[in-house]
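Commentary on secondary and tertiary structure
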Amino acid sequence: MSGFLLRRILGVVPVLWAVVTVIWMILFILPGDPAAILAGGFRADPQVLARIRAEWGLDDPAPRQYLHYIGRLAHGDLGSSYLQGRPVSRIVAEALPATVILAFSALLIAAAAGVGMGLVSAAKAKRWPDDLLSFFSLVLISLPVFWIGMMLMLTFASRLGWLPALGYGLDGWIIPGTQIRLPEARHLVLPALTLALFSLGNVQRVTRASLLDVLQQPYILSSFARGAGPLRVHLRSALRNALVPIVTVLGIDLAALLGGAVATEFVFAWPGLGKTIVRGIADRDLPVVEGGVLCLCAAFILVNLLVDLCYAWLDPRIRLQ
Amino acid sequence: MLLRRALVLVALVVLPGWLCRCQAPQADKLRVEQVLRMRMRENPPDIDPASSADSLSDRINLAVHDGLVDFDPASLEVVPAVAQSWDYSSDGQEITFHLRPGVRFHNGRVLTSADVVYSFTRLLDPKVGAKRKEILEAIRGAEAFGTGKAASVEGIQAADAQTVRIALARPLPHFLQLLATPAASIVPKEIYDDPAKGYLAQPVGCGPFRVSRWERSSGMELAAFADYYGGRPKLDRIQVRFIENPAGAMEEYRRGGLDYMDEMVGSESAIAKELPQDYRKGPMLGSFYFGFNLARPPFKGNVSLRKALNYAVDRKSLCEQTFEGTLTPAHGILVPGTPGYNPDLKGYEYDPARARELLAQAGYPGGKGFKPIDLWVNNNQKLLEAAQKVQADLQAVGIPVRVKAVDFATFLQALQGTPETPGEALFYRYGWNADYPDPDAFLYWLLHSRNIGPAGNIGRYSNPKVDQLLDQARGLVRMEERIPLYREAERIAVEDDAAWLFLADYTQRVLIKPYVKGVVLCPLGSMRIPLDRLWIEGGRPTAKP
């Protein structure tokens, strides 16, 4: 087990290196001068522009800038934001909790509702409830997150006025001993639901398929033969064995939710990492973009590792080699 | 089993209620507060008045900091602020400011003339790299200090704790107006000299509001400064929420989550109809045009071509249809409300026949031989629509144009190029808002060859006669003597040289809830709405004890 973990962690290093290199190259060739934005846009003073370029090393040749960047990363230094002048690690640390809270809340909703819908679909396979739920899932998979978010906002915030439309709320509880402020619960509902709907369809479809597969197994048929009720068979016997593909899709979805929260964060003014990265790209605040993407990649890799560990827990026949 | 079902039922009933109500104020803890809730697109990038150069930062800086003088938001006259009065020397080149006694910074310290000397010297210090140092460049000794030839600025002296003398190297009639801009704010040395940039954590000024909370990713809160020299503001707090998505912000405003918005999404006429009590419109000292790069062909040295473009565009329909009357057609550079605005300037009427004639004179009969040109705009729906309208008008007379919409950073680079070479964009949208109500705020920065490049003359326009007129006008004190010179400079740039494609003048539009009282729209921009004069009719119930 520890050998497996060590190998996986060491394997992460080249992946992260490749990711940061690709990100750096993309940002480097992207048009737009960070110095111009830093210097105040249209009315930038040429002297100020020159000073900023020199200060941030933006005049250096590309290989030197790259080596400097990798050298900093190797020392655990994500650099400082061009625009805010603050360490990127602090900016990322401020934004990450909001994204994690949003992604996990969405995942919980998607898992609960998606598995529930999948169970109903499998139990009523090829009958109208299954057709209806499968159609609903297909619609959810096809709809853009941005649109879902705007529709939820228009319905529950603007029309009905039940929930706030935007933001994190200013009065959330601060976790003692940290700077992390939790969102006000009512502010979390709409963005979490938006993201959950994005994932829900996938979970329902995979749960349905996996359950139908397991329900064909002889031991399930023997359970029925012994007189067990359908609910007991579905929940106790079939669901656990159907969980491996469900956990896989939830793992993939969680990673996608962490990264894919961008649109949701934009729609709902959610102060997370996705919004920070998008803003960084618009402002050519390269250290912030690099640091944010690096953090998301690390989260993605961590989630994959946890999914692998979950496999072994769910199905003891799977050994972590 | 029954117990489990009961628990699930209870959870289903209780949880939504908790989600909706757990943060709702309890009736017994309610109290009425004066709270204004406003939206800003994003976190203000730079709270340091010396280095900020954007409207978001200016909005916060104007609430947190004060300068020696200020603008009256309605009349735009210069009025006392930290300085209660000032006298001129007999030659008009030395101004003695008498500071108001008992002005305090937010950290409790009393402001003295040493703070004024520090703030102005800091602005001119090349090590600080202030983006708006030009506002003080007329001060005697500023140049020597900026180039390292002097250790201090000769023209800024503290006569005593309450008196500051500023001597100018040359007359500058609008110098007081420059001192009313946010960059000339007075800041405390102990905060702004902090090498760890203490002001980034806790900005300290002497303005009507202090920053009581600042979460860079979600919002900030400004609290009334009880010791403000102008009297405690009527508002207790201002909640500023950073909402980037304008459509979402509009919905939030509609549902009552915001009291003030200065960016609207959708049809403005529909919004004005939907929210007639909230929609406010006022004049704005700003103009909108499409610029030419005069350093490169095809516009370089081809006045006929530039005039042809000006005659080809139907400004009236652009303003009425594309901008729904929120812009007004421009005939020149100065906008109505600016001293020296010339209502008789002929400019260019919509005349496609004349445009075709001039196009032939320019060497492109019927557009023959004219290579399609890119019209650069930054991503913005209205700008894109405007560009497409101009594109259609130009194509109708035979000038092929491709609209190139890019993100703001790319647009900026295409416009500015590098310090050595002109930008890639030959034809581009541009806008200019005056920082001070003087013809100089438009004409000097946009036309003088001294400002070629990012300082303002982005099109690289150069005409020695215009330079001379502008310099001459800058040296005169009396406005009635200056105005003829400015009018002549403007006429040359518009009618003789067709320096750019003159399009429209901005107006200011904001949404403010009718219960917000004391609103004064300032033609210098919505960030200058004086927040310390606002109050909420009836207050707002809050849960704060």
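Remember, predicted model here, so these are calculated numbers, not experimental data. (Residues numbered from 1 in each chain as written. Chains lettered and ligands numbered in written order. Predicted model: local features only at pLDDT ≥ 70, side-chain atom pairs only at ≥ 80, totals over all residues. Heavy atoms only, no water.)

1. Brief notes about the overall build of chain A
For chain A, the count of helices and strands is 12 helices and 0 strands. Reading the secondary structure of chain A in the N-to-C direction produces α-α-α-α-α-α-α-α-α-α-α-α. Each principal axis of the C-alpha atoms in chain A carries an extent, and together these give about 85 × 55 × 40 Å. Taken over 321 residues, chain A has a buried fraction of 50%. Partitioning the contacts of chain A with sequence separation of at least 6, the portion at a separation of at least 24 is 70%. If you sum the accessible surface of chain A, you get close to 15,200 Å²; carbon and sulfur atoms cover 69% of it. Of the side chains in chain A, 26 bear a positive and 19 a negative charge, and the two mean positions are spaced by 11 Å. (Helix = DSSP H or I, 4+ residues; strand = E, 2+ residues; numbered from the N terminus. Buried < 20%, exposed > 50% of the residue type's maximum accessible area, 1.4 Å probe, protein only. Contact = heavy atoms within 4.5 Å. Areas by Shrake-Rupley, 256 points an atom, 1.4 Å probe, with all protein chains shown as cover. Lys, Arg positive; Asp, Glu negative; His and termini not counted. Charge placed at Lys NZ, Arg CZ, Asp CG, Glu CD.)

2. A look at the interface of chain A and chain B
Chain A puts 49 residues into the contact, and the matching count from chain B is 54 residues. Between chain A and chain B the total buried area reaches about 4,500 Å² when both faces are included, carbon and sulfur atoms providing 55% of it. Remark: the boundary between chain A and chain B carries 3 salt bridges. Note that A:Arg279 and B:Glu244 form a salt bridge whose closest N and O atoms lie 2.5 Å from each other. Taken together, chain A and chain B are joined by 8 residue pairs in polar contact (both at pLDDT 80 or more). The set of elements that each furnish at least two residues to the side of chain A that touches chain B consists of α2 (34-38), α3 (46-56), α7 (145-159), α8 (185-215), α10 (230-267) and α11 (273-282) of chain A. With 6 residues, the top contributor of residues to the side of chain A that touches chain B is α3(A). (Buried area = accessible area lost by both parts, 1.4 Å probe. Salt bridge = Lys/Arg side-chain N within 4 Å of Asp/Glu carboxyl O. Polar contact = N/O pair within 3.5 Å; in protein donor to acceptor, adjacent residues only side chain to side chain.)

3. Thoughts on the sheet that holds strand β6 (residues 94-99) of chain B
All names here are of chain B. Taken in spatial order, the 4 strands of this open sheet run β5-β6-β8-β7, and their pairing is antiparallel. Both edges of this open sheet fall to β5 (83-88) and β7 (156-160), since each of them pairs with a single strand only. Within the sheet, the average angular offset between the axes of one strand and its neighbour, ignoring direction, is 25°. Each of β6, β7 and β8 (163-167) touches helix α3 (residues 113-124); the most contacted strand, β7, lies at about 175° to it. (Pairing = 2+ DSSP bridges. Axes fitted to C-alpha atoms, helices over the stretch in contact; angles between N-to-C directions.)

4. A word on the pairing of strand β17 (residues 427-433) of chain B
Moving residue by residue along a regular strand, the side chains alternate between the two faces of the sheet. Residues and elements named next belong to chain B. Burial analysis of β17 places 6 of its 7 residues in the buried class, the great majority of the element. Where strand β15 (residues 373-378) lies against β17, 2 bridges are found, and the strand directions are parallel. When the bridges of β17 are listed, Trp376 appears paired with Tyr428.

5. Some thoughts on the nonpolar core
Counting 157 residues, the largest nonpolar core has B:Leu68, B:Phe97, B:Phe120, B:Leu179, B:Ile333, B:Phe427 and B:Phe442 as the members making the most contacts within it. Excluding residues within four positions of it along the chain, B:Leu68 makes contact with B:Pro80, B:Ala81, B:Val82, B:Ala83, B:Phe97, B:Leu99, B:Val116, B:Phe120, B:Leu179 and B:Ile186. Core analysis: the next-biggest nonpolar cluster, separate from the first, contains 72 residues, A:Ala35, A:Ala36, A:Leu119 and A:Cys295 among them. (Core = buried A, V, L, I, M, F, W, Y, C linked by side-chain atoms within 4.5 Å.)

6. Regarding empty space enclosed by the protein
Residue and element names in this part refer to chain A. For the structure shown, the criterion picks out 6 cavities of 30 Å³ or more. Estimated volume of the largest cavity: approximately 330 Å³. Sorting the residues of the lining of the largest cavity by element identifies α5 (88-123) and α11 as the ones contributing at least two each. For the lining of the largest cavity, the leading source of residues is α11, giving 4 residues. Across the lining of the largest cavity, the residue classes break down as 6 nonpolar, 6 polar and 10 charged. (1 Å grid on protein atoms, 1.4 Å probe; cavity = no way out; pocket = protein on both sides within 12 Å on 5 of 7 lines; lining within 4 Å. Points joined across faces, edges and corners; volume = space filled by probe spheres on them. Nonpolar A, V, L, I, M, F, W, Y, C, P; charged D, E, K, R; others polar.)

7. A few points about the packing of helix α10 (residues 303-312) of chain B against helix α12 (residues 352-361) of chain B
Residues and elements named next belong to chain B. α12 packs onto α10 with a crossing angle of 165° between their chain directions and a minimal axis gap of 8 Å. Put simply, α10 runs roughly antiparallel to α12. Our pair here, α10 against α12, has a crossing hand that is left-handed. Residue-level contacts link Ser304, Leu305, Lys307, Ala308, Tyr311 and Ala312 of α10 to Pro352, Arg354, Ala355, Leu358, Leu359 and Gln361 of α12. A breakdown of the residues in the contact of α10 with α12 according to their chemical character gives 8 nonpolar, 2 polar and 2 charged. (Parallel < 35°, antiparallel > 145°, perpendicular 65-115°, else oblique. Left-handed = near helix turned anticlockwise from the far one by under 90°.)

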